[in-house]
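Single-letter residue listing:
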Amino acid sequence: MLDVILAVLVLVGAFFTLVGSWGLAKMPDFFMRLHGPTKATTIGVGAVLVASALYFSFNTDGVSLHEVLVTLFLFMTAPVSAHMMAKAALHLRVKQVERTRR
């Protein structure tokens, strides 16, 4: 049962990481490109880290603190860094792509 949970977490993480990197490549301007990797980092890499923490917690004597600490650090720093990059882009007046309504 643990193997199925770990496989699902790794697949979910890989899927969100793939979608985030695809969004980084395909979006037209900085602000849209910033959204994809930020979500991929928090959801995709977070799911892989949770799977790693579960695996090593069940296969060793105790909770795997390394993965838990990396996950917490990731969840705290990724949104803050994205916010700071967006604020810097607004301050520098980075051009946005004009969107037409359909």
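Please refer to the structure higher up on the page.
Remember, predicted model here, so these are calculated numbers, not experimental data.

Cut-off values and rules
- Residues numbered from 1 in each chain as written.
- Predicted model: local features only at pLDDT ≥ 70, side-chain atom pairs only at ≥ 80, totals over all residues.
- Heavy atoms only, no water.
- Phe/Tyr/Trp six-rings, centres within 6.5 Å; stacked < 30°, edge-to-face > 60°.
- Buried < 20%, exposed > 50% of the residue type's maximum accessible area, 1.4 Å probe, protein only.
- Helix = DSSP H or I, 4+ residues; strand = E, 2+ residues; numbered from the N terminus.
- Contact = heavy atoms within 4.5 Å.
- Polar contact = N/O pair within 3.5 Å; in protein donor to acceptor, adjacent residues only side chain to side chain.

(A) The arrangement of the packing of aromatic side chains in detail. Summed over the entire model, instances satisfying the criterion amount to 3 aromatic pairs. Seen in terms of ring centroids, F15 and F16 are 5.6 Å apart; in terms of plane orientation they differ by 75°. Their pairing is edge-to-face. In this structure F16 comes out as partly exposed when scored by relative accessible area, which is 32%. For the pair F30 and F31, a centre-to-centre distance of 5.5 Å together with 75° between the ring planes defines the contact as edge-to-face.

(B) Spotlight on unusual backbone geometry. Positive phi is not limited to glycine here, since R93 has a value of about 55°. Of note, R93 is situated in the segment after α3 (65-91).

(C) Here's a closer look at the environment of E67. When you line up the elements, E67 lands in helix α3. The spacing of E67 and A51 is 16 residues in sequence and 9.2 Å in space, taken between C-alpha atoms. Discounting residues that sit within four places of it in the chain, E67 has contacts with L49, S52, A53 and F56. A polar atom in the side chain of E67 sits 3.1 Å from the side chain of S52.

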